[in-house]
Each structure stands twice: as structure tokens, then as C-alpha cells.
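So the chains spell out like this:
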Amino acid sequence: MLKQIEGSHGVAEAVALCRPEVICCYPITPQTHIVEDLGALVKSGKLENCEYINVESEFGALSVGIGSSAAGARTYTATASQGMLFMAEAVYNASGLGLPIVMTVGNRAIGAPINIWNDQTDSMSVRDAGWIQLFVEDNQQAVDIHIQAFKIAERLSLPVMVCMDGFILTHAYEGIDVPDQEQVDKFLPPFEPRQSLDPNDPISLGAMVGPEAYTEVRYLAHHKQTQALDLIPEINEEFKQIFGRDSGGLISTYNIEDADTVIVTLGSVIGTIQEVVDEQRSQGAKIGALTIRSFRPFPFEAIRSALEGAKRVVVFEKCLAVGLGGIVATNVRLALDGVAVTVYTVIGGLGGRPITRKSLHHLFENAVKDELEEVTFLDLKTDVVERELERERQLIRSGSIAENILRDVGVVDAAKTA
Amino acid sequence: MAHQQVKFYQTGTLTVGNRLLDEDNRTVQATMDRSNSLDSGHRACQGCGEALGARYAIDAAMRATDNQLIAANATGCLEVFTTPYPESAWRIPWIHSLFGNAAAVATGIAAALKVKGKKEVRVIAQGGDGGTTDIGFGCLSGMFERNDDVLYICYDNQGYMNTGVQRSSATPGGARTATTMPVGPQPGADFDKGKNVPSIAMAHNIPYVATASVDRLHDLEAKVKKAMSMHGARYIQVFVPCPLGWGSQPAKTVNLARLAIESGIYPLFEAEHGEITSVTKIRNLVQVDEYLKHQRRFAHVMKNPEQLSAIQATADRNIQKYGLLGGQE
């Protein structure tokens, strides 16, 4: 049924349709509305047979989830930002134990400096933790991919993270086609765990593994993830059969057939990028775009074959590997190993910095002319940066960078950006 | 009431063979159908108090639940010595996740069982004092506060023994550990520090809190049995001497546990909903040096009258606070 609702509410409804049996809730902006709405759905009786637990931390949230999933219950939780870091130990543990938990990440920046707005550093911080990571473009996809996520997770006995841009998606109201229960039940069978804690069949889970077997266990974690490269498109196909909507599988492409320049990105910013691509195409530029939906496992082949014909690739990412540059770009470069194509890294949208069409036009025009630096920080206020570097040259006790920059930028500008 | 000690006229002592007891009062370990939940062949040190405590506690819980039990285990000695896979000493469904989350994992298991309608299956979380009073404390307090249907058992050997004997918030003042070495003017662990988790547990108003000791295994069994007759969050802290960490003779484990109780240094009590309901009285009061002198971790204390009297003062305060006297013969 088509509804005009908040993204978080849409996700809550989608999760509820998947009949989770245990939901662990801990508030952190910007995912909080999702677990709030789920709490109301449980309280109202619309979501039956579900234990909704208010826990004491994100570490507690995922740890409760580890217990419930290991005892055979379909389990869901959500987090963001600092919460992701706080639960990091349990993030690795859940995948190591092979527990098919589904977790929404309302993507948000990480402090310090504390920042509640959107970028994707939180999900990226655990990209190698063994979870499948699916990034969604819009709220319809958020709904659809949550439903698929449970199926992917349970088929592989691996946890899945559904990553959606905080505020931009979680707090946006738009038309969403929310499936009905009958359809979801047809698509998603009840959870049959591969392993579970049962007094009638006692097993030891989470035992110590030494050097004689650890490598094989880790290899199999990698192997299992790569199986998802086949499974994700397969389940997308199944989903399309029942619901009539295509969520795109591993990647989505936009006007890349004849493109010399391809913009590669993750998440909701593709909406703006597509508009700019359209506008530049109308002026004759051979430009296209590619969205990576599955960041883990990383779809090397799909990306390589999509980008092979391009002359240049601009990876636009909302995250930063400090001391390296781009995280997504580094992965994309690996996929293009041996292909004669120039890869540019653009870091943008950090901590909620708006990504405007104007800036993107300018960026893409420079890219087409090959006038980009290898790593570009979109809309970086170089004068502000220079002044701070000068202060540091002049003074030993130059003070805290974050506060200095805020003073320099000024209250008015800060309010405008926010 | 905890296990009631009775002087048997047949033997003239508190010790008696099981055959003289009612079947209900006999130790679980004496029964043919004991579950051997923590089976032999594990890799605990000789004289390990934790292995002894865990075996009695879990078997008692198994009997109380008709073998319908699942356990979550914190990282630590108990986890390591029982499960160098593929050798597992556990005959119950058992999960180890992390050092600091055993209570939360148990909450999750209990939630799953509830939603699946498996009312008969019960859940235990267990860990050492490090995993309980320090790194696992947030999850533990959360489990208490929500009154989740979990019995948490802390095997308290007063330090991080698995990592090589470092101080935890359960390490007593004066004790030598690898991070509180007996050097300088105030040797060993600082006094007036540490965390009394049984009292903190009581402050959560949970249905049941008890302390127990491996010198009186009937009492431990009775407390576990009682805990399993209740629902909601329950906490039992078992005093388990560690020969390796304490520098004591493996053969002295039970004896040391008894001396800790008889000196008043480790009060045994039960509490329900935040109120103390029973206290184990001291039978033969001893001074703390009787307890300390068998342990190398306190060797320097024995030569330091100031520290010795500080430890004696702790015992005296316990005796006063919990009313431990009155059990003398």
C-alpha cells in the first residue's frame, strides 16, 4: 500500500512485516525513530510474538541479539555512529558466530568532533567485520532491502547491515509502497537456524579455536561472503517476482553504456548525482553513474565489467580513511586493476555538509577535463584550513582545532550549513 | 533459608554421609542421575575452586530444571579450560560470546525462549569476577534492572587469573597481583578500593542475591536450587580460591574457602528483593591471619602489622554488619 511516511517508519513497518522475534532497542540519532516505531508496533499488538528489549547500550543491544539469534529467534536491531563503535566487538562476534541478525545503520559521522549528521564513516569502520553491507538509495529501497536482508542473512547464516543515510533518508517523508503481510510471508519463510542452543541437542558455541584451525574458519567466512555475490541478485529476482519492484542487486548503473566518465557512489547521494548527470548529458557530456549496493561482499566483477569502457571514474564517497584518502575508491581501484582508466577520489558530504548540484556540476566538469586532484575534498574551505595551519605554525599552544575552526567559520555560517 | 547445617549425633560433626540424609537433601553429585554438566577431562589447574564451584552449581541447576538449561559464558578461565575445541567439557547447550557480555547474551537467550513459548528452559550466565564486576558490569546491571529471567553466577577468585593474575575490582586490599606488586611503602592492592557487587545487585531490588563458597557445596547447591525456583534476575557470587593466583596449595582450596568464611572476610548471605533474608553464622571464629598465611599473595602482609590489622578490620566490619557471630559451638 502506498503511504506518505517517514523513512524510519517505513523501515519499522518493513521489519515488522518480517516477523522478528527479538528486537533490541537503544536510542542513537538518527536511527532512533525506527526502534521507537517498532516499540509502538509491538505494544499495539500489530507485531505479535516479539520480545522488545530496551537495553543499556549498543554493546548490550547486539549482545542480546547474539543470544537471541543463537537461541533460534529472528533478531533485529539498529544503530549509528558512536553506537556502531561501541558495539564493534559484538559486531565481529556476531559474524564470527554466523548469526543471521539484521541491523539497520542510520549512517552518521563519528566523533570527535561530535557530529550527529550524515556521512558513512560508521558503516565503513566495520566494513571488514564479516557482515554483509547493503547501502540503499531511497526509502522504497530501504523497505524492500530490509525484507531481502532477512532472507539473505538466514540463507547464509551471516548478519546483514542495511545502511541508509541518516536524516536524508531516515527522516525524509516520501511515498513508500509498503508491502502487505501476505506477500512478505510468501517471500520470507520462518527462520530455520543452522545452529541453535537447545537442551535436547546440546552444543558448545563460541569455543576457542587455535592456530591449527583459525585460518580455515576465517577462510570460510570469506568464502561465505563471496557466495552472497550470487545470492543477493538471486534474492532480488525472487523479490521482483512477488513484489514487482527491482532493488538492483549488487550495483545499479545509470547511463553508463556510452559514458567516458562514470561517477561511482553509495547511498542516497545518487539522486542528486543522477540529476547532474542528466543536465550534463543534455549539454553533450558522455557521463554516467554507478551505485554500489553491496559494499561487502565487494562486487569486483560487476564493477569491473560496468566500468571497463570508461576513460575515467570519479568515486564520490561520504567517508574518509585518514592518512590514506578514499575507502570506496581504494576498493574500486582494486576492481579495476589492469584496466586503463583514471580513478579520482572525491570526499564529500562529511558530517552532513550539503552536496549541492552546483558543486557537483563544477566537480564533474573538472573531471571530464581531467583537471581533478587525485583526492578532492568537495567544497573544502581552504582559507579556513590555511588560517588554522598558520595559527599552528605561529603558536605552540594554538588550542583545539575543532573550536578554532568553529570560531573562524562563525555562528552564521555554521547555522546556514546545518 | 540456605542449606541448614545440622550436627549429626551419629558422627558428632556437621559432616555426614549422604545415606543419613533425606533424598531431597543429598548432594546432586551423589545421585546416579547427576548430569555431569561440566564433565571431567577439562584443563583446569589442580585445586581449581572455579571448576569445583561451576560443576556443583550447574549440576544443581540442571536438577532444578529437569535438565532444561542453557548457559552463556564470559571469556575467562572457565571458558578457556572447558572448551579448547573440539574438546568441550560441557554437556549442556553452552555459548561463549565475549568477555563483557555474558549477562546480555543470556538476556537474549531468555527472550528467544520466551517468544518461542519454551517456558521450561531456563538460562544461566556465568563468568569470573573480572568478567562480572569490571568489564561485564554494564551488561550485568542492565540485566538486573530489567529483571530479565537469568541467573548470573560469578565465580569470584578475586582477580584476572586467566591473563596471569592481575587486579580486578574484586581483588582485596593488600593482595599481590601482577599489577599490584608488593613494592613500595604500601605493598599489594590498595585498600578502600573495590566493588561489592552482591550489595550493588541488591540495590537493583532483584528477586534473589546470594553469596556462596566452595567449602560448603550443599549450601551452594541449595542456593542454586532456590534461585532456579524463582524467576527474574538472580545473582549468586561463589567464593572460589585460585591456587595459581593466590599462591596456595591446590590441596588447600576448600580449606581456604572455609577460613575466609570463618574469619568473616567473605560473608555468606541471601537477600530477596534487596533485603537480607539469611546469613551463614561463623562456627569457629578465626583471625584473618589464619586465612592469609596460606597464600603467597599475602606473604608481605603477614610481615606488615598495619596491613594485617586493616584486613582484620574489614573482617570485623563484616562480622558486625552482617551479624556473623552466634553460630559458635
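To be clear, the structure that these remarks concern was listed above.
Keep in mind it's a predicted model, so treat the numbers as computed, not measured.

Student: Residues and numbers for the interface of chain A and chain B, please.
Tutor: Between chain A and chain B, the contact holds 36 residues from the first and 36 residues from the second. At the boundary of chain A with chain B, total buried surface from both sides reaches about 2700 Å², with 64% on carbon and sulfur atoms. Together, Pro199, Ser204 and Met208 of chain A form the three largest contributors to the area buried by chain A at its contact with chain B, with a combined 20%. On inspection of chain A and its partner chain B, the count reaches 3 salt bridges. Measuring nitrogen to oxygen at the nearest pair gives 2.8 Å for the salt bridge that ties Arg146 of chain B to Glu56 of chain A. Linking chain A with chain B are 12 residue pairs in polar contact (both at pLDDT 80 or more), by the criterion used here. Those elements giving two or more residues to the side of chain A that touches chain B turn out to be β3 (51–54), α3 (58–70), α5 (88–96) and β9 (204–205) of chain A. At 8 residues, the largest contribution of residues to the side of chain A that touches chain B is made by α3 of chain A.

Student: Lay out the packing of helix α1 (residues 49–64) of chain B against helix α7 (residues 217–228) of chain B in plain terms, naming residues and giving numbers.
Tutor: Think of two packed helices as two axes; the pair is described by the angle between the axes and how far apart they sit. Residue and element names in this part refer to chain B. The contact between α1 and α7 brings their axes to 8 Å, and the two run at 40 degrees. Considered as vectors, α1 and α7 are oriented oblique to each other. Remark: the crossing between α1 and α7 carries right-handed chirality. Within the contact between the two elements, α1 uses Leu52, Gly53, Tyr56, Ala57, Ala60, Ala61 and Ala64 and α7 uses Leu217, Leu220, Glu221, Val224, Lys225 and Met228. Counted by class, the contact of α1 with α7 contains 10 nonpolar, 1 polar and 2 charged residues.

Student: Describe in detail the packing of α3 of chain A against α5 of chain A, supporting the description with residues and values.
Tutor: Residues and elements named next belong to chain A. Between α3 and α5, the least distance of the axes is 8 Å, while the angle of their chain directions is 15 degrees. Accordingly, the angle class assigned to the pair α3 and α5 is roughly parallel. The way α3 lies across α5 gives a crossing that is left-handed. Seen from α3, the contacting residues are Phe59, Leu62, Ser63 and Ile66; seen from α5, they are Glu89, Ala90, Val91, Asn93 and Ala94. Tallied by class, the residues present in the contact of α3 with α5 amount to 6 nonpolar, 2 polar and 1 charged.

Student: Kindly report on the sheet that holds strand β12 (residues 287–292) of chain A, identifying the contributing residues and their values.
Tutor: Residue and element names in this part refer to chain A. Within the open sheet, the 6 strands sit side by side as β10-β12-β11-β14-β15-β16. Their pairing is mixed. Each end of this open sheet is capped by a strand with a single partner; those strands are β10 (251–254) and β16 (375–377). Going from strand to strand, the sheet's axes swing by 20 degrees on average, the running direction of each strand aside. Two elements, strand β11 (residues 261–265) and strand β14 (residues 312–317), share 4 bridges in a ladder whose sense is parallel. Its bridge partner lying in β14, Val262 is registered against Val313. Set on the sheet, helix α10 (residues 270–282) makes contact with β10, β11, β12 and β14; between it and β12 the angle comes to about 165 degrees. Strands in contact with helix α13 (residues 357–368) are β11, β12, β14, β15 (342–347) and β16; relative to β14, the strand with the most contacts, it is inclined by about 150 degrees.

Student: Account for the sheet that holds strand β5 (residues 208–213) of chain B, with residues named and values stated.
Tutor: One open sheet holds the 9 strands; their spatial order is β9(A)-β2(B)-β1(B)-β3(B)-β4(B)-β6(B)-β5(B)-β7(B)-β8(B), and the pairing between them is mixed. The outermost strands of the open sheet, each flanked by one partner alone, are β9 of chain A together with β8 (275–279) of chain B. Sheet topology note: the strand β4 (residues 151–156) of chain B/strand β6 (residues 234–239) of chain B ladder contains 6 bridges and is parallel. Among the inter-strand pairings, Tyr152 of chain B is bridged to a residue of β6 of chain B, identified as Tyr235 of chain B. Set on the sheet, α7 of chain B makes contact with β1 (69–73), β3 (122–128), β4, β5, β6 and β7 (269–272) of chain B; between it and β5 of chain B the angle comes to about 165 degrees.

Parameters at a glance
- Residues numbered from 1 in each chain as written.
- Chains lettered and ligands numbered in written order.
- Predicted model: local features only at pLDDT ≥ 70, side-chain atom pairs only at ≥ 80, totals over all residues.
- Heavy atoms only, no water.
- Contact = heavy atoms within 4.5 Å.
- Buried area = accessible area lost by both parts, 1.4 Å probe.
- Salt bridge = Lys/Arg side-chain N within 4 Å of Asp/Glu carboxyl O.
- Polar contact = N/O pair within 3.5 Å; in protein donor to acceptor, adjacent residues only side chain to side chain.
- Helix = DSSP H or I, 4+ residues; strand = E, 2+ residues; numbered from the N terminus.
- Axes fitted to C-alpha atoms, helices over the stretch in contact; angles between N-to-C directions.
- Parallel < 35°, antiparallel > 145°, perpendicular 65-115°, else oblique.
- Left-handed = near helix turned anticlockwise from the far one by under 90°.
- Nonpolar A, V, L, I, M, F, W, Y, C, P; charged D, E, K, R; others polar.
- Pairing = 2+ DSSP bridges.

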